[in-house]
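Listed here are the chains, written in short residue letters.
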Amino acid sequence: MKYAATEVRSHRKSRPGLPEAFFLDRDGTLNEKPPPGEYITSPRQLTLLPGAAAAVRRINAAARPAILVTNQRGVARGLMSESDLAAVQNRLTELLREHGAFLDACYCCVHEKGDCHCRKPSPGLLTRAAGDFPHLDLRNTVMIGDTETDVLAGRAAGTATVRLTDAPGDTAADLVAPDLRTAVDLLLKSPAEKPPR
Ligand SMILES: [Mg+2]
Ligand SMILES: [Zn+2]
């Protein structure tokens, strides 16, 4: 079953309100996803998805924090070092900057499954951010990602959730959209404005 980008699903009665902050997944949300079981270990493997930088720029223009939350287990598995990860993150910053966009903060889980409280679907990366952005009420924020793991992390932290996919199947997300640009445009639309038909 396919859901329209504007359709609201699951436990919330209405489309999420204007978010105070945007939590963004990285691979498959901002940049092209590596093949299953592989990791982006070098800056030259990083390619932004169409519209992703424009979406971040729109969040920046709305004066809402854009906060990256990403699982990078490749570090724990010895497939890349922390400095490899830092180089990839620097490249991401550089690519976004070329489009006039920026991230307010980045949180990366570099741990093995079951070794921490921050690997999504655990909410640790989001709750840590909430501690660093003291005026943030997680209930008024949104988590956007391309996997159900992102949705579950958002729900565990109490945020609204958006799943980016063309074929959602079964998702607990509040909203489904085909890409980040569409999701951000929907979320930042003024409440008076009618959703597109
Ligand atoms: Mg992802
Ligand atoms: Zn972790």
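Bear in mind that the values here come from a model prediction, so they are computed numbers and not experimental data. (Residues numbered from 1 in each chain as written. Chains lettered and ligands numbered in written order. Predicted model: local features only at pLDDT ≥ 70, side-chain atom pairs only at ≥ 80, totals over all residues. Heavy atoms only, no water.)

Novice: I keep staring at the coordination of the magnesium ion (ligand 1) and nothing clicks. Help me out?
Specialist: All of the protein donors around the magnesium ion (ligand 1) are Asp25 (OD), Asp27 (O) and Asp146 (OD); their distances to the metal are 2.1 to 2.2 Å. In primary-sequence terms, the residues that donate to the magnesium ion (ligand 1) follow D-x1-D-x118-D. With Asp25 in the loop between strand E1 (22-24) and helix H1 (52-61) and Asp146 in the loop between strand E4 (142-145) and helix H4 (148-157), this residue pair connects regions lying 121 residues apart in the sequence. The residues Asp25 and Asp146 share a single accessibility class, namely buried. (Donors = N, O, S within 2.8 Å, 3.2 Å for Na, K, Ca; no water. Helix = DSSP H or I, 4+ residues; strand = E, 2+ residues; numbered from the N terminus. Buried < 20%, exposed > 50% of the residue type's maximum accessible area, 1.4 Å probe, protein only.)

Novice: Hey, could you run me through unusual backbone geometry in this one?
Specialist: Trans is the prevailing form of peptide bonds, just as negative phi is the prevailing case for residues other than glycine. Here the amide bond leading from Lys120 into Pro121 is cis, since omega sits at 20°, within 30 degrees of zero. The phi angle at Ala63 is positive, at roughly 60°, despite the residue not being glycine. Mapped onto the secondary structure, Ala63 falls in the loop between H1 and strand E2 (66-71).

Novice: Quick question: what am I supposed to make of the pairing of E4 here?
Specialist: Moving residue by residue along a regular strand, the side chains alternate between the two faces of the sheet. Here E4 shows a buried face lined by Val142 and Ile144 and a second buried face lined by Met143 and Gly145. Of the pairings in the sheet, the one linking E1 to E4 comprises three bridges and is parallel in character. Within E4, the position partnered with Phe22 by the bridge is Val142. Where E4 meets strand E5 (residues 160-164), four bridges bridge the pair, whose relative direction is parallel. Paired with Val142 across the strands is Ala160, a residue of E5. Once the chain exits E4 it traverses H4 before rejoining the sheet at E5, and the crossover so formed is right-handed. (Pairing = 2+ DSSP bridges. Right-handed = clockwise from strand over helix to strand, strands pointing away.)

Novice: How should I be thinking about the coordination of the zinc ion (ligand 2) in this particular structure?
Specialist: Perfect tetrahedral coordination of a metal by four donors corresponds to 109.5 degrees between them, and perfect octahedral coordination by six donors corresponds to 90 or 180 degrees. Bound to the zinc ion (ligand 2) are the protein donor atoms Cys109 (SG), His111 (ND1), Cys116 (SG) and Cys118 (SG), situated 2.0 to 2.3 Å from the metal. One can describe the donor arrangement at the zinc ion (ligand 2) as tetrahedral, given that its four donor atoms subtend angles of 104 to 115° at the metal. The sequence pattern formed by the donor residues of the zinc ion (ligand 2) is C-x1-H-x4-C-x1-C. The buried category is assigned to Cys118, whose relative accessible area is 7%. (Tetrahedral: all angles 85-135°; square planar, octahedral: opposite > 155°, others 65-115°.)

Novice: Mind showing me how you'd approach the nonpolar core here?
Specialist: A general trend in soluble globular proteins is that nonpolar side chains are found buried together. Counting 32 residues, the largest nonpolar core has Leu24, Ile144 and Leu180 as its most contacted members. Ranked by the residues each element gives to this core, the list is headed by helix H5 (residues 180-188), at six residues. Other than its neighbours up to four places away in sequence, Leu180 contacts Leu24, Thr29, Leu30, Ala52, Ala55, Val56, Ile144 and Leu164. By size, the runner-up hydrophobic cluster in this structure holds 18 residues, among which are Ala105, Tyr107, Leu125 and Met143. (Core = buried A, V, L, I, M, F, W, Y, C linked by side-chain atoms within 4.5 Å. Contact = heavy atoms within 4.5 Å.)

Novice: Even after reading the chapter, I still don't get the layout of surface pockets, so can you show me in this structure?
Specialist: Over the atoms rolls a probe the size of a water molecule, and in doing so it shows where empty space is left. In this structure, the largest pocket encloses a volume near 480 Å³. Lining the largest pocket are 20 residues, with Asp27, Lys33, Tyr39, Asn71 and Arg119 positioned closest to its centre. Secondary structure elements with two or more residues in the lining of the largest pocket: E2 and H4. (1 Å grid on protein atoms, 1.4 Å probe; cavity = no way out; pocket = protein on both sides within 12 Å on 5 of 7 lines; lining within 4 Å. Points joined across faces, edges and corners; volume = space filled by probe spheres on them.)

Novice: Any chance you could explain the sheet that holds E1 here in plain terms?
Specialist: The parallel open sheet is built from six strands, whose spatial order is E3-E2-E1-E4-E5-E6. Two strands bound the open sheet, and with one partner strand each, they are strand E3 (105-109) and strand E6 (175-177). For this sheet, the mean inter-axis angle between neighbouring strands, taken without regard to orientation, is 20°. Relative to the sheet, H4 contacts E2, E4 and E5, its axis offset from that of E5 by approximately 175°. (Axes fitted to C-alpha atoms, helices over the stretch in contact; angles between N-to-C directions.)

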